[in-house]
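Examining the three-dimensional arrangement
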Amino acid sequence: MYTCWNGMNGRYTMGVPLIKFDSYMAVEQAETPLDIVFVSAEVAPWSKTGGLGDVVGSLPIALAARGHRVMVVAPRYINGKSDALYAGAFDTGCRVPLDMGACGTQEVAFFHQHSDGVDWVFVDHPSYHRPGNPYQDENGVFGDNQFRYALLSLAACEAPLQLNIGGFRSGSPPGFPYGDKVVFVANDWHAGLVPSYIAGKYRRAGVYKDARCIFAIHNLSHQGVEPAATFSNFGLPEDWYDPLSWEYPSWASINGPAVNILKGALVASDRIVTVSQGYAWEITTPEGGWGLHGVLQARQHVLNGITNGVDTAEWDPQTDAHTPAPFCANDLRGKADCKAALQRELGFKVNHEVPLVGWIGRLDHQKGPDLALEAVPGLAARGCEFVMLGSGDAEYENAMRAAEAEHPASFRGWVGFSVPVAHRIIAGCDILLMPSRFEPCGLNQLFAMRYGTIPIAHATGGLRDTIQDYSPYASEPSGKGTGWTFSPPDPGSMLRAVDAALETRWHRPEEWQAIMRNGMTADLSWNRAALQYEQIFNWALMDAPVRAY
Ligand SMILES: Nc1ncnc2c1ncn2[C@@H]1O[C@H](COP(=O)(O)OP(=O)(O)O[C@H]2O[C@H](CO)[C@@H](O)[C@H](O)[C@H]2O)[C@@H](O)[C@H]1O
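In this text the structure is predicted, and so the values were computed from the model without any measurement.

Comments concerning the overall build of the protein chain
Tallying secondary structure elements over the protein chain gives 17 helices and 22 strands in all. On the principal axes, the C-alpha backbone points of the protein chain span a range of 70 × 60 × 45 Å. When burial is assessed residue by residue, the protein chain has 60% of its 549 residues classed as buried. For the protein chain, the share of sequence-separated contacts (at least 6 apart) that also reach a separation of at least 24 residues comes to 70%. Roughly 21,300 Å² of accessible area belongs to the protein chain as shown, and the carbon and sulfur atoms make up 53% of that amount. Averaging the coordinates of the 41 positive side-chain charges in the protein chain and doing the same for the 58 negative ones gives two points 3 Å apart.

Right, here's the structure in full:
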């Protein structure tokens, strides 16, 4: 049983714990338990448009399991679709007026749910109540996102000071705030003003003197850049403009001075983490730095890469509620059933011999959906069936529909966002294609490996770090490799990698199975990543807080 703070009646209620990690009770405890506050625009299962939601829904649980006190602060999006998900989060009754400069004083409320050992805190404000996903609706990206996420960042700075939700660590009385000796983990540009508020506003007032800010980059291509005049909407001291100041790049459609929230986070954080070592290096180069490589080079001494993990409770082929048959590395029979069921669901003939290839992702240039679509005829010529699941850019959605009309016997384009369908594709396919142009970490290749689905991916960022190339010429042919990588990201080199994979599947089936098993038995747990984050937190605490300005 666990206790949950019910702000409506001011009592702690008892409930059944939602333990997501099998190892929750078993993991080794951290030597020095810390108070950690994650800030994010998304957190699964409450809000997710991509991998950011996955990470913030899992890593805090792994850290809490190691004995840390962990809070996650995210918006309470009320959009009609997922409202029921927030049913377990109670109004704390706490209302805080926030000084948003030229946007006036804005009052926020805080909702709270304690589960999986974590304090999930949802910031409530009218700007989070609207149809669509967190960032946009059918008419496009919301025009006030800068305001909505500045508000989230400032609210998150207040949460550890204002909310009496402490006390879930055994032995302590309930009902006290986390206090100001915390480690913030601000994720992506949406939470990028947290380091600025801590260093530029609170610390100057004597609060958060012992706090540290870690900035986590999941995707550098979105930076929160707006015209310089919007600086006055943040409620930051005037002399804090410099850390955020920016010039639009020459190729942008507008010119002139700007504020760049992500750049501000890079200079004001105590340490910077990104989601793989490969990407940590790429972002310091002009090719991968999205205009910020110079800023990142200057802070390279506090920049680290930590590869994401997998939520092994959600992505477990033995217990997956979305798939028709369980399987594991020692008994792959259920995988054949998953493949047959998927072929049936897609309207293909059920035939185990036909290689079934999948692609899942946001329909965005980053993920290379155009490269996957260009490969449709080549895959058909090689006797493969191919299914793509994705939503996003309408141009790609239409291209998927057109490709299906042109290749009805071998291609299915599933337009939409569906977690159950994603599970069935991961479980039922033989191969997962990932032609991403850049990929900070990538989660689908990790899920695929857990399910014995072999990834074929562009050798970039986290894909290059996590997929070990299989080589038939290695001295131990069946002992090495979890997939194939290719470069450059074009349909030709991708199809050459597919040829190498099919050659192995047709002619050396025992080696194919060994590659499947290598992926299925790799340590992809969040506990491994949690240990590395802990090291970063401890390094941050050893150094004095950054006083760049
Ligand atoms: N149509 C659909 N239906 C159902 N599920 C869908 C879907 N489209 C995508 N998903 C799911 O959304 C997640 C996407 O994960 P990615 O790693 O590709 O993240 P993304 O690029 O959004 O985020 C960024 O952050 C993450 C986390 O750090 C990094 O791994 C990544 O490289 C970086 O670009 C996966 O769980 C995937 O299965």
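Re the state of the cysteines
As enumerated under the stated definition, the model contains 0 disulfides in all. No disulfide involves cysteine 429; its nearest neighbouring cysteine sulfur is the one of cysteine 384, lying 11 Å away.

Digging into the domain arrangement of the protein chain
Here the protein chain is partitioned into domain 1 (33–309 + 528–542) and domain 2 (333–523). On the side of domain 2, 17 residues touch domain 1, which itself brings 18 residues to the contact. Roughly 1,300 Å² of surface becomes buried between domain 1 and domain 2 when both sides are summed, with 59% attributable to carbon and sulfur atoms. At the boundary of domain 1 and domain 2, one finds 1 salt bridge. Between glutamate 282 and arginine 464 there is a salt bridge; the shortest N-O distance is 3.2 Å. Between the two partners, domain 1 and domain 2, sit 8 residue pairs in polar contact (both at pLDDT 80 or more).

Here we look at the sheet that holds strand S22 (residues 484–486)
Strand order in this open sheet of 6 strands is S19-S18-S17-S20-S21-S22, and the pairing throughout is parallel. Two strands in the sheet have a free side with no partner beyond their single neighbour: strand S19 (411–415) and S22. Taking each pair of neighbouring strands and ignoring which way they run, the sheet shows an average axis angle of 20 degrees. As paired strands, strand S18 (residues 385–392) and S19 are joined by 5 bridges and run parallel to one another. In the sheet register, leucine 389 faces S19, and the bridge partner there is tryptophan 414.

Description of the site of the ligand
Surveying the vicinity of the ligand reveals 29 residues, the closest of which are Asp54, His218, Lys367, Glu439 and Asn444. In this structure, an oxygen atom belonging to the ligand sits 2.6 Å away from a side-chain N or O atom of aspartate 54. In this structure, an oxygen atom belonging to the ligand sits 2.9 Å away from a main-chain N or O atom of cysteine 441. In isolation the ligand has 710 Å² of accessible area, and contact with the protein removes 97% of it.

Description of the environment of leucine 161
In this structure, leucine 161 sits in helix H2 (residues 145–162). Judged by its relative accessible area of 27%, leucine 161 falls in the partly exposed class. Through-space distance from the C-alpha of leucine 161 to that of glycine 179 is 5.1 Å; in sequence the pair is 18 residues apart. With near-sequence residues (within four places) excluded, leucine 161 lies in contact with Pro177, Gly179, Asp180, Tyr202, Val207 and Tyr208.

Quick notes on unusual backbone geometry
Along the chain, alanine 44 connects to proline 45 via a cis peptide bond; the corresponding omega equals 5 degrees. Within the secondary structure, proline 45 is located in the loop between strand S3 (35–39) and helix H1 (51–65). In this structure, proline 488 follows serine 487 across a cis peptide bond, with omega equal to 0 degrees. Of note in this structure, tyrosine 208 is not a glycine but carries a positive phi near 60 degrees. Here tyrosine 208 shows up in the loop between helix H3 (194–202) and strand S11 (212–217). The class of tyrosine 208 is buried, set by a relative accessible area of 0%. Even without being a glycine, tryptophan 290 presents a positive backbone phi close to 45 degrees.

Some words on helix H5 (residues 261–268)
The element H5 is largely enclosed, with a buried count of 8 among its 8 residues. When we look at burial in H5, the residues that qualify are Ile261, Leu262, Lys263, Gly264, Ala265, Leu266, Val267 and Ala268. For H5, the side-chain oxygen to backbone nitrogen distance between the N-cap and leucine 262 is 3.0 Å, and the N-cap itself is asparagine 260.

Description of the side chain of serine 196
Here serine 196 lies in helix H3. Residue serine 196 is classed as buried on the basis of its relative accessible area of 0%. Filtering out sequence-adjacent residues up to four positions away, serine 196 remains in contact with Lys201, Leu236, Trp240, Leu244, Gly264 and Ala268.

Describing the packing of aromatic side chains
As enumerated under the stated definition, the model contains 18 aromatic pairs in all. Judged by centre distance (6.0 Å) and plane angle (75 degrees), the ring pair of tyrosine 77 and tyrosine 128 falls under edge-to-face. On the criterion of sequence distance, the pair formed by tyrosine 77 in the loop between strand S4 (69–75) and strand S5 (90–99) and tyrosine 128 in the loop between strand S7 (118–124) and strand S8 (136–137) is long-range, its members being 51 residues apart. Of the two residues, tyrosine 77 and tyrosine 128, both sit in the buried class. Ring centres 6.3 Å apart and planes at 50 degrees place the aromatic pair tyrosine 533 and phenylalanine 537 in the tilted group. With tyrosine 533 and phenylalanine 537 both in helix H17 (residues 526–542), this residue pair falls 4 residues apart, about one helical turn.

Focus: the packing of H2 against H3
Put simply, H2 and H3 touch, their axes get as near as 9 Å, and they point 60 degrees apart. Viewed along their axes, H2 and H3 adopt a mutual orientation that is oblique. Between H2 and H3 lies a crossing of right-handed hand. Counting all contacts with H2, which are made through Ala150, Ser153, Leu154, Cys157, Glu158 and Leu161, the residues of H3 involved are Val194, Tyr197, Ile198, Lys201 and Tyr202.

Brief notes about the pairing of strand S21 (residues 454–458)
Burial runs high along S21: 5 of the 5 residues are buried. With 4 bridges connecting them, strand S20 (residues 431–434) and S21 associate as parallel partners. What sits directly across from leucine 432, in S21, is proline 455. Crossover handedness for the path S20 to helix H13 (residues 444–450) to S21: right-handed. As judged from the 3 bridges shared by S21 and S22, these two strands associate in the parallel manner. Across the sheet, the residue bridging to histidine 458 is phenylalanine 486, located in S22.

Analysis parameters
Residues numbered from 1 in each chain as written. Predicted model: local features only at pLDDT ≥ 70, side-chain atom pairs only at ≥ 80, totals over all residues. Heavy atoms only, no water. Helix = DSSP H or I, 4+ residues; strand = E, 2+ residues; numbered from the N terminus. Buried < 20%, exposed > 50% of the residue type's maximum accessible area, 1.4 Å probe, protein only. Contact = heavy atoms within 4.5 Å. Areas by Shrake-Rupley, 256 points an atom, 1.4 Å probe, with all protein chains shown as cover. Lys, Arg positive; Asp, Glu negative; His and termini not counted. Charge placed at Lys NZ, Arg CZ, Asp CG, Glu CD. Disulfide = S-S within 2.5 Å. Domains from an automatic or database assignment. Buried area = accessible area lost by both parts, 1.4 Å probe. Salt bridge = Lys/Arg side-chain N within 4 Å of Asp/Glu carboxyl O. Polar contact = N/O pair within 3.5 Å; in protein donor to acceptor, adjacent residues only side chain to side chain. Pairing = 2+ DSSP bridges. Axes fitted to C-alpha atoms, helices over the stretch in contact; angles between N-to-C directions. Near = heavy atom within 4 Å. Phe/Tyr/Trp six-rings, centres within 6.5 Å; stacked < 30°, edge-to-face > 60°. Parallel < 35°, antiparallel > 145°, perpendicular 65-115°, else oblique. Left-handed = near helix turned anticlockwise from the far one by under 90°. Right-handed = clockwise from strand over helix to strand, strands pointing away.

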